Amino acid sequence: NDAFRGEKPTLSSVRSTTMAAAAQATSSAGSTAESTATGNDIWSAVISPQSLEDEIKRVKLHFDSIVTTPGAFNSGGYLEARLDLTILASLFAIINQYPGEVRWKDQAAAARDLISRTAFNCKAGSTQVYNEAKLRKGDLQDLIAGSGLANRESEDETDWTMIADRSPLMEYAELLIETLEDGARNEGTIKKETDLVKRNSELLAALGEVLSQEGMDDADDDDYAKLSREMSTDGKAVTAALGRGDFEAVRLGVGKIRQKCDACHEQYR
């Protein structure tokens, strides 16, 4: 099939990515350098293990509903599959770098690489791509059910340019914000949808970090990087306001995220 573009290439070279993380003063010496040198603590600052796990389960269920028959997949389902797989690959990449304990961490790198390759191929629909997506459906079922991945090979380093395409991630951001707005209309809806508001605000904060990783599209553009970081900051602010029960601050914070998202979409795609 001419529409099938082949396997996504593996990393041809390992990019040395070192993110600066401020070392906090501690009373005990000797262990600080190892814990801060990688900069992976950015993830624990924006998203909880529970939100990562819950979102992976949610997206997996949606992906299951997309990969049903070759006809439906090739008629447009591949685009939804690409979105779901890009989200999942990004979340597993975060889990792989997460400094604390998160479910599936021991297999996150393998899941990241398997899923990102299929996401790349889902730019077009074909029976071959459908069959590949069906294999990922089985892999995800095995992983979440607890039996684990049959293939656990992975690249040594995370190259975000090979994992997360900006276009589907921006679509994901829009979906998160829409759901967040529904859940944060007023104090009543916030109380009713507390878990959902918390998860989506954390996911948006994490997404802001992903979009500004080295090598990502326009990550070296100061204005774009500023907008991405502000989305992360505003997401954390909503989570914090929710934690202290300041529902008006939650509502206003969600409004700020919407404004930043719209401003970003006006300039970048």
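Before any of the text, the structure's been laid out above.
Please read these numbers as outputs of a predicted model, since none were measured by experiment.

So, how was this worked out
- Residues numbered from 1 in each chain as written.
- Predicted model: local features only at pLDDT ≥ 70, side-chain atom pairs only at ≥ 80, totals over all residues.
- Heavy atoms only, no water.
- Phe/Tyr/Trp six-rings, centres within 6.5 Å; stacked < 30°, edge-to-face > 60°.
- Helix = DSSP H or I, 4+ residues; strand = E, 2+ residues; numbered from the N terminus.
- Buried < 20%, exposed > 50% of the residue type's maximum accessible area, 1.4 Å probe, protein only.
- Axes fitted to C-alpha atoms, helices over the stretch in contact; angles between N-to-C directions.
- Parallel < 35°, antiparallel > 145°, perpendicular 65-115°, else oblique.
- Left-handed = near helix turned anticlockwise from the far one by under 90°.
- Contact = heavy atoms within 4.5 Å.
- Nonpolar A, V, L, I, M, F, W, Y, C, P; charged D, E, K, R; others polar.
- Core = buried A, V, L, I, M, F, W, Y, C linked by side-chain atoms within 4.5 Å.
- 1 Å grid on protein atoms, 1.4 Å probe; cavity = no way out; pocket = protein on both sides within 12 Å on 5 of 7 lines; lining within 4 Å.
- Points joined across faces, edges and corners; volume = space filled by probe spheres on them.
- Expected span 1.5 Å × (residues − 1).

Student: If you had to explain the packing of aromatic side chains to someone new, which residues and values would you point to?
Tutor: Inspection of the entire model under this criterion finds three aromatic pairs. With 5.6 Å between their ring centres and 65° between their planes, Phe73 and Tyr130 make a pair best called edge-to-face. Here the residue Phe73 occupies a position in helix α4 (residues 70-97), and Tyr130 occupies one in helix α6 (residues 127-145), the gap between them amounting to 57 residues. Just as Phe73 is buried, Tyr130 falls in that class too.

Student: Describe in detail the packing of helix α3 (residues 49-66) against α4, supporting the description with residues and values.
Tutor: Relative orientation of the contacting elements α3 and α4 amounts to 160°, with a least axis distance of 9 Å. Viewed along their axes, α3 and α4 adopt a mutual orientation that is roughly antiparallel. Helix-helix and strand crossings are classified by hand; for α3 and α4 the assignment is left-handed. Only Phe73, Gly77, Glu80, Ala81, Asp84, Leu85, Ile87, Leu88, Leu91, Phe92, Ile94 and Ile95 of α4 make contact with α3, whose side of the interface consists of Leu52, Glu55, Ile56, Val59, Lys60, His62, Phe63 and Ile66. A per-class count over the contact of α3 with α4 returns 14 nonpolar, two polar and four charged.

Student: Would you mind going over the nonpolar core in detail, with residue names and values included?
Tutor: By size, the foremost hydrophobic cluster in this structure holds 71 residues, and its most contacted members are Trp43, Phe73, Phe92 and Trp160. Per-element tally for this core: the top contributor is α4, with 13 residues. Apart from residues no more than four positions distant in its own chain, Phe92 is found in contact with Ile56, Trp104, Ala108, Ala111, Arg112, Ile115, Leu140 and Leu143.

Student: Before we move on, could you go through the environment of Gly76 and cite the residues and values that matter?
Tutor: Inspection of the secondary structure assignment puts Gly76 in helix α4. Once the C-alpha coordinates of Gly76 and Gly125 are considered, the two residues, 49 residues apart in sequence, prove to be 7.4 Å apart.

Student: Give a detailed account of the side chain of Asp234, specifying residues and quantitative values.
Tutor: Along the chain, Asp234 turns up in helix α10 (residues 222-243). If we skip the residues at most four places from it in the chain, Asp234 touches Lys256, Ile257 and Lys260.

Student: Break down the layout of surface pockets for me, with residues and values.
Tutor: Of the pockets and cavities examined, the second largest pocket occupies roughly 260 Å³. Along the wall of the second largest pocket there are 17 residues; nearest its centre are Arg58, Leu83, Ile87, Tyr172 and Leu175. Those elements giving two or more residues to the lining of the second largest pocket turn out to be α3, α4, α7 (166-183) and α9 (194-211).

Student: Lay out unusual backbone geometry with the relevant residues and their values.
Tutor: Of note, the phi angle at Trp104 is positive, near 70°, even though the residue is not glycine. Here Trp104 is to be found in the loop between α4 and α5 (108-121). Overall, Trp104 belongs to the buried group, its relative accessible area being 6%.

Student: Before we move on, could you go through α7 and cite the residues and values that matter?
Tutor: Between the first and last C-alpha of α7 there are 25 Å, a value that for 18 residues agrees with the 26 Å anticipated at 1.5 Å per step. Within α7 the residues assigned to the buried category are Arg166, Pro168, Leu169, Met170, Tyr172, Ala173, Leu176, Ile177, Leu180 and Gly183.

Student: Tell me what's going on with the packing of α3 against α6, and back it up with residues and numbers.
Tutor: Orientation of α3 relative to α6, taken along the N-to-C sense of each, is 145°, at an axis distance of 11 Å. In the packing of α3 onto α6, the handedness of the crossing is left-handed. Along the contact surface, α3 presents Ile56, Lys57, Lys60, Phe63 and Asp64, while α6 presents Ala133, Arg136, Lys137, Leu140, Gln141 and Ile144. Across the contact of α3 with α6, the residue classes break down as five nonpolar, one polar and five charged.

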